Amino acid sequence: MNFLASLLKPGVSAALASALLFGAGTPLAKYLLGQMSPWMLAGLLYLGSGLGLFLYRALRGAARPRLNPGEMRWLVAAVVCGGGIAPVLLMYGLSAMPSSHASLLLNAEAVLTAGLAWMVFKENVDRRIALGMAAIVAGALLLSWPQATGAGLALSWLWPACAVVLACFFWALDNNFTRKVSLADASWIACVKGLAAGASNLLLAFLAGAALPGLGRTVAAMGVGLLAYGVSLALFVVGLRHLGSSRAGAYFSTAPFVGALFSVVCLSEPLSWPLAAAAVLMAVGIYLHLTEHHAHMHTHEALEHEHAHVHDEHHAHGHIPAVQGAHSHRHTHEPMAHDHAHYPDAHHRHGHADGH
């Protein structure tokens, strides 16, 4: 498959753009962390994403998507895991261990997302995708590995470290649950998750005795949250829709590299050998993913759902009068069998007898 054509595919470009925004926002969030408590910052970042997307949708006159009861249960589970439980566990971990070690442990999210996708949710994986995932995660680990000597992991950090890894597990669940509803409007999903996480983290901040920072810092934090959390999450949902959890998660794992590069270019931090080595590893991983070619005869079972689509080989239903371009309505997919290259997207969740 042509490398550039793969790079420009909607799911790939959306997942990489999501990583770009989140990664660039990380150094800015780190600066703001010196101005307010971690809970307060997390609350303002998430709340900024939720409110910003709410206003965007209101200005567009966007309607609330209609989810069936099964889809709504997946969304509620995603919000509880990713917006309620995981941030609390992360804040507990950050409060009792160095942030450098916490950053290192946060790379577990990508591994756990892929592991759950492959073993529990039965996404297809082959050796090429697994090697690409390993290369990207290795680059992220290299970037976040503590550089200071004598900074070994103390026994007193055991439970906080477990809390951070557990937070990654709940975010991994969140990613896989969100994939189940990724055909719904991505901005609405990101808005709901942002408002829920913002409210829960702000409540924790106030219960811990934190106070709102000044107006300028509050607006700055919410602005960073809108782009680095809100828009980034909406793009990640698009990636989930087209690529599946493991592949979208792999592309998103390049975010630490983006953050480090942003710090070098925009914040005048020195260029280091871990950054250069991570660039090579992540480039290898992305190349392996972009050059994937997964094609075989497969069968689509009957399916009824609602999402924005254009008429193609998977959406060959008719309209009276005829409809052109992208549109959204509830529609039925009749059973069909064909052979073509595909990702484990929302329309290709079939099993594989050989495990690939």
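The structure we're discussing is the one just above.
Conventions and cut-offs
Residues numbered from 1 in each chain as written. Predicted model: local features only at pLDDT ≥ 70, side-chain atom pairs only at ≥ 80, totals over all residues. Heavy atoms only, no water. Salt bridge = Lys/Arg side-chain N within 4 Å of Asp/Glu carboxyl O. Helix = DSSP H or I, 4+ residues; strand = E, 2+ residues; numbered from the N terminus. Buried < 20%, exposed > 50% of the residue type's maximum accessible area, 1.4 Å probe, protein only. Core = buried A, V, L, I, M, F, W, Y, C linked by side-chain atoms within 4.5 Å. Contact = heavy atoms within 4.5 Å. Axes fitted to C-alpha atoms, helices over the stretch in contact; angles between N-to-C directions. Parallel < 35°, antiparallel > 145°, perpendicular 65-115°, else oblique. Left-handed = near helix turned anticlockwise from the far one by under 90°. Nonpolar A, V, L, I, M, F, W, Y, C, P; charged D, E, K, R; others polar.

**Student:** Looking at this structure, I do not really get the pattern of salt bridges. What am I missing?
**Tutor:** A side chain with one charge may pair with a side chain of the opposite charge, provided their charged atoms come close. Summed over all chains, the structure comprises three salt bridges. Across the salt bridge formed by Glu123 and Arg179, the nearest N and O atoms sit 3.3 Å from each other. Placement of the pair is Glu123 in the loop between helix H6 (108-119) and helix H7 (127-144) and Arg179 in helix H8 (residues 158-179), with a sequence separation of 56 residues. Each member of the pair, Glu123 together with Arg179, is buried. With its nearest N and O atoms 2.6 Å apart, the salt bridge here joins Lys193 to Asp174. Taken as a pair, Lys193 in helix H9 (residues 186-207) and Asp174 in helix H8 lie far apart in primary sequence, 19 residues in all. Accessibility expressed as a relative area gives 5% for Asp174, which makes it buried.

**Student:** Just checking my understanding: could you explain the nonpolar core for this structure?
**Tutor:** One finds Leu90, Ala167, Phe170, Trp171, Leu173 and Phe177 to be the most contacted residues of the largest nonpolar core, which totals 19 residues. Among the elements of the structure, helix H3 (38-60), helix H4 (69-96) and H8 are those that each provide at least two residues to this core. Broken down by element, this core gets its largest block of residues, eight residues, from H8. Setting aside chain neighbours within four positions, we find Phe177 in contact with Trp74, Ala77, Ala78, Cys81 and Phe121.

**Student:** Is there a simple way to explain the packing of H9 against helix H10 (residues 215-243) in this structure?
**Tutor:** Between two packed helices, what matters for the description is the angle formed by their axes and the separation of those axes. Following both chains from N to C, one finds H9 and H10 inclined at 130 degrees, their axes separated by 8 Å at the closest point. Here H9 is positioned oblique relative to H10, judged by the angle of their axes. Seen along the crossing, H9 lies across H10 with a hand that is right-handed. Packed against H9, whose contacting residues are Ala186, Ser187, Ile189, Ala190 and Lys193, the element H10 presents Gly230, Leu233, Ala234, Val237, Val238 and Arg241 at the interface. A per-class count over the contact of H9 with H10 returns seven nonpolar, two polar and two charged.

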